[in-house]
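Results of the structural survey
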Amino acid sequence: MQNLIRINQKDNVAVALLPIAKGETMTISQLLVTASEDIPQGHKMAIKPIKSGESVVKYGFPIGNAKEDIQAGQWVHVHNLKTGLGDLLTYHYEPVDGQLKQTEHAYFQGFRRTDGKAGVRNEIWIIPTVGCVNSIAQALEKKAKRLIGGSLEDVAAFPHPYGCSQMGDDQEYTRTVLADMIHHPNAGGVLVLGLGCENSNIPVLKEYIGEYDEDRVKFLQCQDVEDEMETAMELLEELAQYAKGFQRESIDASELIVGMKCGGSDGLSGITANPVVGAFSDLLISKGGTTILTEVPEMFGAETILMNRCETPKLFEQTVELINNFKNYFTSHNQTIYENPSPGNKKGGISTLEDKSLGCTQKSGNAPVKGVLAYGEQVKTKGLNLLSAPGNDLVASTALAVSGAQIVLFTTGRGTPFASPVPTVKISSNSALADKKQTWIDFNAGRMVEDKTKEELAGELFDYVLSVASGRKVKAEEAGFHDMAIFKQGVTL
């Protein structure tokens, strides 16, 4: 296994695939370099002299400017590298051709709903309209587990702290997210659990839900009944009977919608896990499927790559608006736009937001951008879509599910146990993490720097996703985890 990789021939730094000791001499792209200090795994080493103020180049793009003169063999990180990004920028549309060739059909065993949508799970979801009934929802989840059997795979409650004392966009977000969750095809039955006096009460929420299958969705306002647990269990039994009528059947992979997210990234994320997910995305799209990329703040610094892959000028303008709206969101709260990456990212070898973003956007592959979605908006166009949501793992993963993703792919260099409303596949960027956290990690992309190519791993990941779509549980599901988080921006009364 090589111990150093130069990602692009334009790069003046290389990334340590293994820890490099001071004094170790290596040949990289016909350049003979001796490490002048210890270089941690995932971190960068200069392979050419870089003068103070000059660009440090990785992935073929600048990731910041040198704070001081850097000699070949030196460790390049936050102590001698700073971001080169500003605030709002002016963008120019320079389209690139990213059309993919169609490939042969693939299939999974999923659930066909009465509205025509395809689900990959057949669960009963208990969705509170307000945080005041969270404890009841969780108690009902425990009590209703006995209903699991046949084709009914699980019962899950999704507590959250919202639904009342909210204003403006926050209140709209909560209502939209809850309505979208109610319509999600992974749920064979839904109990909407309200209190009665909340702002987003059941009558109000029904306006956002629109048409629904009365056999699949039941409502209970707790203040209206004497014993809400007894009444709710009666409704859950009806839902269980209904959900058990669904059976898995063969469905074309063109109906898969897969969300893409990363968190706890390290210096290998942009070299292994994220490019593998990008190749997976291209493969699914080549079969007529759909992927969604989110966490807008982690596009900053690499946004022009996505903008120029927009299929039309209108999509380009929507992507510019997507980026600038999030920058304005930061500044409106008196926050620094480029206060990123996190301490964990830095420990793993990521030095600037450009460094992080160029690695993160690898998840988008090479396909053209076909859609740009507002937070809470349902995906309408097949192919690659961009979704407005923050970088927060739980909020962004929930946003992907709410927009229609039946599965989320989550790449990580440091590991995390969290789940989302849908099966969340944890993909490690390095083998050490996969070996250490076998109860967290579902797929090891770290093999890309050991014995596998990106294309081989993308094919393996595609097969794995089809197996998950056909009922195979991911590690978070085996642990019984279900999480949901709603984006909050404004005032709480």
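Residues numbered from 1 in each chain as written. Predicted model: local features only at pLDDT ≥ 70, side-chain atom pairs only at ≥ 80, totals over all residues. Heavy atoms only, no water.

1. Section: the overall build of the chain
Scanning the chain from terminus to terminus reveals 13 helices and 23 strands. Expected size for 493 residues packed as a compact globule is a radius of gyration near 23 Å; at 24 Å, the chain falls within 12% of this value. Considered along the principal axes of its C-alpha atoms, the chain spans approximately 75 × 45 × 40 Å. Every one of the 493 residues in the chain was classed for burial, and the buried ones make up 58%. Sequence-distant contacts, at least 24 apart, represent 71% of the contacts inside the chain between residues at least 6 apart. Surface accessibility of the chain: about 19400 Å² in total, with carbon and sulfur atoms responsible for 49%. (Helix = DSSP H or I, 4+ residues; strand = E, 2+ residues; numbered from the N terminus. Rg over C-alpha atoms; globule rule 2.2 N^0.38 Å. Buried < 20%, exposed > 50% of the residue type's maximum accessible area, 1.4 Å probe, protein only. Contact = heavy atoms within 4.5 Å. Areas by Shrake-Rupley, 256 points an atom, 1.4 Å probe, with all protein chains shown as cover.)

2. A closer look at a negative patch on the surface
On the surface, Asp435, Glu450, Asp451, Glu455 and Glu456 cluster together into a negatively charged patch. Position of Glu455 among the secondary structure elements: in helix α12 (residues 454-469). On the basis of relative accessibility, which here comes to 54%, the residue Glu455 falls in the exposed class. (Patch = residues over 30% accessible without salt bridge, like charges linked within 9 Å, V, L, I, M, F, W, Y side chains within 5 Å. Salt bridge = Lys/Arg side-chain N within 4 Å of Asp/Glu carboxyl O. Lys, Arg positive; Asp, Glu negative; His and termini not counted. Charge placed at Lys NZ, Arg CZ, Asp CG, Glu CD.)

3. Focus on the layout of surface pockets
Considered as a void within the structure, the largest pocket measures approximately 710 Å³ in volume. Forming the walls of the largest pocket are 28 residues, and the residues nearest its centre are Arg309, Gln362, Gly365, Asn366 and Lys454. Of all the elements in the fold, those that place two or more residues in the lining of the largest pocket are α5 (273-286), α6 (303-307) and α12. Here the residues of the lining of the largest pocket sort into 13 nonpolar, ten polar and five charged. (1 Å grid on protein atoms, 1.4 Å probe; cavity = no way out; pocket = protein on both sides within 12 Å on 5 of 7 lines; lining within 4 Å. Points joined across faces, edges and corners; volume = space filled by probe spheres on them. Nonpolar A, V, L, I, M, F, W, Y, C, P; charged D, E, K, R; others polar.)

4. Considerations on the packing of helix α2 (residues 168-182) against helix α3 (residues 202-209)
Interhelical geometry of α2 versus α3 gives an angle of 70° and a closest axis separation of 9 Å. Overall, the two elements α2 and α3 adopt an arrangement that is roughly perpendicular. As α2 packs across α3, the resulting crossing turns out to be right-handed. Across the interface between the two elements, Glu172, Arg175, Thr176, Leu178, Ala179 and Ile182 from α2 touch Val204, Leu205, Tyr208 and Ile209 from α3. (Axes fitted to C-alpha atoms, helices over the stretch in contact; angles between N-to-C directions. Parallel < 35°, antiparallel > 145°, perpendicular 65-115°, else oblique. Left-handed = near helix turned anticlockwise from the far one by under 90°.)

5. Notes on the packing of aromatic side chains
Aromatic rings considered in pairs are described by the distance between their centres and by the relative angle of their planes. Throughout the structure, instances matching the rule amount to 16 aromatic pairs. Taken together, a centroid distance of 6.0 Å and an interplanar angle of 10° make the contact between Tyr173 and Phe487 stacked. A residue pair is termed long-range when its members are at least 10 positions apart, and Tyr173 in helix α2 and Phe487 in the segment after α13 (475-478) qualify at 314 residues. Like Phe487, Tyr173 is buried. When the centroid spacing of 5.6 Å and the interplanar angle of 70° are considered together, the rings of Tyr375 and Phe487 count as edge-to-face. Separated by 112 residues along the polypeptide, Tyr375 in the loop between β19 (369-373) and β20 (383-387) and Phe487 in the segment after α13 bring together distant segments of the chain. Given the relative accessible area of 11%, Tyr375 is considered buried. (Phe/Tyr/Trp six-rings, centres within 6.5 Å; stacked < 30°, edge-to-face > 60°.)

6. A word on the pairing of strand β3 (residues 25-28)
Burial along β3 is one-sided: Met26 and Ile28 are buried, and none of Thr25 and Thr27, which face the opposite way, are. The pairing of β3 with strand β4 (residues 31-34) spans four bridges and is classified as antiparallel. Residue Thr27 lies in a different strand from β4, and its bridge partner there is Leu32. (Pairing = 2+ DSSP bridges.)

7. As for the sheet that holds strand β6 (residues 55-58)
Whether parallel or antiparallel, the strands of a sheet pair through hydrogen bonds between backbone atoms. Taken in spatial order, the three strands line up as β6-β7-β9 in an open sheet, and their pairing is antiparallel. The strands lining the two open edges of the sheet, one partner per strand, are β6 and β9 (81-82). Where helix α9 (residues 353-360) meets the sheet, its contacts fall on β6 and β7 (61-66), and the angle it forms with β7 comes to roughly 165°.

8. Quick notes on the sheet that holds strand β18 (residues 290-293)
An order of β19-β20-β18-β17-β21-β22-β23 is seen for the seven strands of this open sheet, with the pairing classed as parallel. One side of each edge strand has no neighbouring strand; the edge strands of this open sheet are β19 and β23 (443-444). Sheet strands in contact with helix α7 (residues 313-332) are β19 and β20, and its direction is about 40° off that of β19. Here α12 sits on the sheet and contacts β17 (257-262), β21 (407-412), β22 (424-428) and β23; the angle it forms with β21, its principal contact strand, is near 140°.

9. Some points on empty space enclosed by the protein
In this structure the tally under the stated criterion is two cavities of 30 Å³ or more. Lining the largest cavity are 15 residues; nearest its centre among them are Ser420, Val422, Pro423, Glu477 and His482. Of all the secondary-structure elements, those providing two or more residues to the lining of the largest cavity are β12 (123-128) and α13. For the lining of the largest cavity, the per-class residue count stands at eight nonpolar, four polar and three charged. Taken as a whole, the second largest cavity encloses approximately 50 Å³ of empty space. Considering the residues around the second largest cavity, the lining is formed by 13 residues, among which Asp266, Ile350, Asp355, Lys356 and Gly359 are closest to the centre. For the lining of the second largest cavity, the leading source of residues is α9, giving four residues.

10. Here's the deal with the environment of Gly301
Locating Gly301 in the fold gives a position in the loop between β18 and α6. In this structure, the C-alpha to C-alpha distance between Gly301 and Glu94, residues 207 residues apart in sequence, is 16 Å.

11. Considering the environment of Thr103
With respect to the helices, strands and loops of the structure, Thr103 is situated in the loop between β9 and β10 (107-112). Accessibility expressed as a relative area gives 32% for Thr103, which makes it partly exposed. Between the alpha carbons of Thr103 and Ala72 there is a distance of 45 Å; along the sequence they are 31 residues apart. Leaving out residues up to four positions away in the same chain, Thr103 has contacts with Leu283, Ser286 and Lys287. Side-chain polar atoms of Thr103 contact the side chain of Ser286, separated by 2.7 Å. Among the polar contacts made by the side chain of Thr103, one reaches the side chain of Lys287 at a distance of 3.2 Å. (Polar contact = N/O pair within 3.5 Å; in protein donor to acceptor, adjacent residues only side chain to side chain.)

Keep in mind these values describe shape, not function.
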